Structures are given as structure tokens and as C-alpha cells.
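# Summary of the model geometry
Here is what each chain is made of, one letter per residue.
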Amino acid sequence: MKKDEYWMKFAIIEAEKAFEKGEIPVGAVIVKDGKIIGRGCNLRETLKDPTAHAEIIAITSAAQTVQDWRLDDSTLYVTLEPCPMCAGAILNARIRRLVFGAYDEKYGACSSLDNILDGRYLNHKVIVKGGVLKDKSEYLLRQFFEILRRNGN
């Protein structure tokens, strides 16, 4: 769907911001009614906060924008498949759709290792679509880790 690719490009811009800060390049935006209501990039190192994932920051930003913790009828676009913590936050925020770029074979909790969002035992169901602009997301991640390895980290 072209609309998903359009919005994912904004998540990639957020991931590039993380990259520039020396953070693992993950970016996220939340869209509702054709507008970005929240955005975030990975800031774990910058904030010294293990919960400062792009999704969490974008959810907080969106909740402040709409002045409600319920983000009904919104879509979260994120460059990397969410981890279990972020998947839980997506459920708690009542986000309707999740669209992600790269699959995460190590920590992915929305398709790769597990699917916390499948709704079998939950009162809220999230529609999940993976692989949108996957190559661009994977490229940023590969580039970041190649630089890290070259610098001996």
C-alpha cells in the first residue's frame, strides 16, 4: 500500500536522527486522520533509559498531542519490528495498526519470535504489517553496526 510507504518514510527520517546521535537507528511516527500526532527515535544511550525506544517516545508524544492515553484509530509506523516491551505499550495505547520495516530475529515480538499483538487472549486487536520499506530500514541498521565494529565497539 502506497500510503504505508509514504508514512514509513517519516519513520526512516526519525531513524536517521537516532543514527546521527550515535543511537541504534530506529524511528517511529504515529498517524491519525492523515496527520502525524507523535514521533520518536531511539534515545536509550542519550537518556540513559532502557525504555527510551522509538515506539515508546512516539506513543508518549502522540498521547500528549491528543491529550489522551487512548490512541484509537491510529497507526504506528516503526522501522524495526517492536520488542515485547513496545508491543505491550502498543496494546495499552489501543493503537489500531502497526506497520514496521525490518524484521527483528533477535527480539521481534510482533512476528519473528512471537506475536504478542495477535489478540488471542486480549480485548484489543492490532493489525500488523511487516516489511514495509524493509530494505531502507535494514540498510541503516547495517551501516550503524558496521561503523560500530570498525570502531572496535
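Here's a quick rundown of the structure. Sequence order as written defines the numbering, with residues in each chain counted from 1. Thresholds applied to this predicted model are a pLDDT of at least 70 for local features of residues and 80 or more for the giving and counting of side-chain atom pairs; totals over whole chains, interfaces and linings are not thresholded and use all residues. Only heavy atoms go into the side-chain values, all of them from the structure, while hydrogens and water stay out.

This part is about the sheet that holds strand E4 (residues 97-102). With mixed pairing, five strands are arranged side by side in an open sheet as E2-E1-E3-E4-E5. Looking at which strands have only one partner, the edges of the open sheet turn out to be strand E2 (35-41) and strand E5 (127-129). For this sheet, the mean angle separating the axes of adjacent strands, direction not counted, is 15 degrees. Note on pairing: DSSP must find at least two bridges between two strands before they are called paired. Here a helix means four or more residues in a row that DSSP labels H or I, a strand means two or more in a row labelled E, and each is numbered from the N terminus. Where strand E1 (residues 27-32) lies against strand E3 (residues 75-80), four bridges are found, and the strand directions are antiparallel. Of the residues in E3, the one forming a bridge with valine 31 is threonine 75. Against the sheet, helix H3 (residues 54-66) makes contact with E1, E2 and E3, and its axis sits at roughly 145 degrees relative to E2, the strand it touches most. By the convention used here, residues are in contact when the closest approach between their heavy atoms is within 4.5 Å. Working convention: axes come from line fits to C-alpha atoms, limited for helices to the stretch in contact. Angles between N-to-C directions cover 0 to 180 degrees. Contacting E3 and E4, helix H5 (residues 134-150) crosses the sheet at an angle of about 55 degrees to E4.

This part covers the pattern of salt bridges. In what follows, salt bridge is the name for a side-chain nitrogen of Lys or Arg lying within 4 Å of a carboxyl oxygen of Asp or Glu. Within this structure, the stated rule accounts for seven salt bridges. Note that lysine 129 and aspartate 4 form a salt bridge whose closest N and O atoms lie 3.0 Å from each other. Pair noted here: lysine 129 is in strand E5 and aspartate 4 is in helix H1 (residues 2-20), with a separation of 125 residues, a long-range link. The network of salt bridges with shared partners includes Asp4, Arg97 and Lys129.

If you look at the biggest cluster of nonpolar residues, it comprises 27 residues, and the most contacted ones within it are Ile30, Ile59, Leu71, Ile90, Ile95, Leu98 and Leu117. Sorting the residues of this core by element identifies E1, H3, E3, helix H4 (84-92) and E4 as the ones contributing at least two each. The contacts of leucine 117, once residues within four sequence positions are left out, are Ala87, Ile90, Leu91, Leu98, Ala109, Cys110, Val126 and Val128. Nonpolar core, defined: a set of buried Ala, Val, Leu, Ile, Met, Phe, Trp, Tyr and Cys residues in which side-chain atoms within 4.5 Å join the residues together. The cut-offs for exposure are 20% and 50% of the maximum accessible area for each residue type, with area from a 1.4 Å probe on protein chains only; residues under the lower value are buried, those over the upper are exposed, and the others partly exposed. Met8, Tyr77, Val99 and Val132 belong to the second-largest nonpolar core, a separate cluster that totals twelve residues.

Mapping histidine 53 onto the fold places it in the loop between helix H2 (44-47) and H3. Classification of histidine 53 as buried rests on a relative accessible area of 15%. Apart from residues lying up to four places away in sequence, histidine 53 is in contact with Asn42, Arg44, Cys83, Met85 and Cys86.

Turning our eyes to something else, we now look at the packing of aromatic side chains. Geometry of aromatic contacts follows a simple scheme: Phe, Tyr and Trp rings, the Trp one being its six-membered ring, pair when their centres are within 6.5 Å, and the pair is stacked under 30 degrees between planes, edge-to-face over 60, tilted otherwise. Enumeration according to the criterion identifies six aromatic pairs in this entry. Geometrically, the ring pair formed by tyrosine 6 and tryptophan 7 is edge-to-face, given 4.8 Å between the ring centres and 80 degrees between the ring planes. A centroid spacing of 5.6 Å and a plane angle of 40 degrees characterise the contact between tryptophan 7 and phenylalanine 10, whose relative ring orientation is tilted. With a gap of three residues between them, tryptophan 7 and phenylalanine 10 both fall in helix H1, about one helical turn apart. Through pairs of rings, three or more aromatic residues link up here, namely Tyr6, Trp7 and Phe10.

Looking now at the packing of H1 against H5. Relative placement of two packed helices is described by the angle separating their axes and the distance separating the axes. At a minimum axis separation of 10 Å, H1 and H5 run at an interaxial angle of 5 degrees. In terms of their interaxial angle, H1 and H5 are classed as roughly parallel. From H1, Ile12, Ala15, Glu16 and Phe19 reach across to H5, where they touch Lys136, Ser137, Leu140, Gln143, Phe144 and Ile147. Each residue belonging to the contact of H1 with H5 can be placed in one class, and the counts come to six nonpolar, two polar and two charged. Oblique is the label for every angle not falling under 35 degrees (roughly parallel), over 145 degrees (roughly antiparallel), or within 65 to 115 degrees (roughly perpendicular). Here the nonpolar group is Ala, Val, Leu, Ile, Met, Phe, Trp, Tyr, Cys and Pro; Asp, Glu, Lys and Arg are the charged ones; every other residue, Gly included, is treated as polar.

Burial of E3 is extensive: six of the six residues sit out of reach of the surface. With five bridges connecting them, E3 and E4 associate as parallel partners. Directly across from leucine 80, in E4, lies its bridge partner alanine 102. Call a crossover right-handed when, viewed with both strands pointing away from you, the route from the first strand across the helix to the second goes clockwise. Regarding topology, H4 serves as the crossover connection from E3 to the parallel E4, and that connection is right-handed.

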